[in-house]
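Analysis of the macromolecular model
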Amino acid sequence: MSFQQIALEDKQRALSELQEVKELFASRGWFPGTSGNLSIRVGDFNPNDFQFAVTASGKDKTVHTPEDYLFVDQDGKPCEATRLKPSAETLIHCEIYKLTGAGAIFHIHSVFNSVISEYFWDRKSVPVDGVELIKGFNIWDEEAHIDIPIVSNFAHIPSIVPEITERIVKHIPGVLLRKHGIYAWGANAFEAKRHLEAFEFIFEYVYRLELLQRGNR
Ligand SMILES: CSC[C@@H](O)[C@@H](O)C(=O)COP(=O)(O)O
Ligand SMILES: [Zn+2]
């Protein structure tokens, strides 16, 4: 249970930011079949006591309803009595907040992120060389090389968490779930969105380059 009292205006700001991001991502087709979930943290961060607004489970994220979000604590439990169910993947958000102290976490499923997570599953990470969008992660080295971690996907969400704990790295603000999707985070909604967009660009780039290079071999 969280003991924080969060100002109403902070909660409202989080909800309106979520609404804006959800609408934009929906317009890009980033929530196929009700997939995906979004969250924004509110109040102070303490790994043992924090709260965040998260999308309710199973909703059509391309439409707005008064029942799209709820507030949960660091254990993913609703902060107030509600009949809404938090995202089935809320425990993943809880863990990422605990590990990173991030301010927002966005999760989407796309064909590119799903295909690439399977293609590179044997090496458990996606290698990326010198793509300009790496700078979107605040990595400014010339011809930077990064490896984006991929973790196992299980139907039982708590089983996914330990591998996330083990695999996420400080300088890469995201993790792929095998044949599932990407979790990207940032200090706030603006940064989490920038990171997610950079990841999606990179996945499509890696996919297309790999296909071209294979064709030429
Ligand atoms: C409907 S397929 C996607 C879900 O299984 C899940 O991975 C997902 O991203 C959305 O779950 P949700 O509980 O709505 O947050
Ligand atoms: Zn998902």
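Just so it is clear, the model here is predicted, and its values are computed rather than measured. Sequence order sets the numbering: in each chain, residues are counted from 1 along the sequence as written. Chain labels run from A onward and ligand labels from 1 onward, assigned in the order the entries are written. Only residues with pLDDT of at least 70 are given local features in this predicted model, and only at 80 or more are side-chain atom pairs given and counted; all residues enter the totals for whole chains, interfaces and linings. The basis for the side-chain values is all heavy atoms of the structure; hydrogens and waters are excluded.

UniProt positions are given in the numbering used here, feature names are shortened, and annotations may be inferred rather than shown by experiment. In the numbering used here, UniProt assigns the "binding site: Zn(2+)" (unreviewed entry) feature to H107 and H109. Along the chain, H107 falls in strand β4 (residues 104-108). Excluding residues that lie within four positions of it along the chain, H107 makes contacts with F31, G36, N37, L38, E89, H180, G181, I182 and Y183. Among the polar contacts made by the side chain of H107, one reaches the side chain of H180 at a distance of 3.2 Å. Secondary structure elements follow DSSP: runs of H or I no shorter than four residues count as helices, runs of E no shorter than two count as strands, and numbering proceeds from the N terminus. Among the structural elements, H109 can be located in the loop between β4 and α3 (111-119). Excluding residues that lie within four positions of it along the chain, H109 makes contacts with W30, P32, S35, G36, H180 and G181. N or O atoms within 3.5 Å of each other form a polar contact, as long as, within protein, one can give a hydrogen and the other can take it, and as long as residues adjacent in sequence are counted only when both atoms are side-chain atoms. Only 3.1 Å separates the side chain of H109 from the side chain of H107, close enough to count as a polar contact. The contact definition used throughout considers only heavy atoms, calling two residues in contact when any of these lie within 4.5 Å.

Distances up to 2.8 Å from the metal define which N, O and S atoms are donors, and 3.2 Å serves for Na, K and Ca; water is absent from the atom set, so sites may look incomplete. For the zinc ion (ligand 2), the full set of protein donor atoms is E89 (OE), H107 (NE2), H109 (NE2) and H180 (NE2), at a range of 2.1 to 2.8 Å. Geometry is assigned from the angles between donors: four donors with all angles from 85 to 135 degrees make a tetrahedral site, four or six donors whose opposite pairs exceed 155 degrees while the rest stay between 65 and 115 make square planar or octahedral sites respectively, and everything else is labelled irregular. Between the six donor atoms coordinating the zinc ion (ligand 2), the angles at the centre fall across 74 to 171 degrees, so the site counts as octahedral. Exposure classes here rest on a 1.4 Å probe applied to the protein chains alone. A residue is buried below 20% of its type maximum, exposed above 50%, and partly exposed in between. Accessibility expressed as a relative area gives 0% for H107, which makes it buried. Of the residues examined, H180 reaches a relative accessible area of 8% and is grouped as buried.

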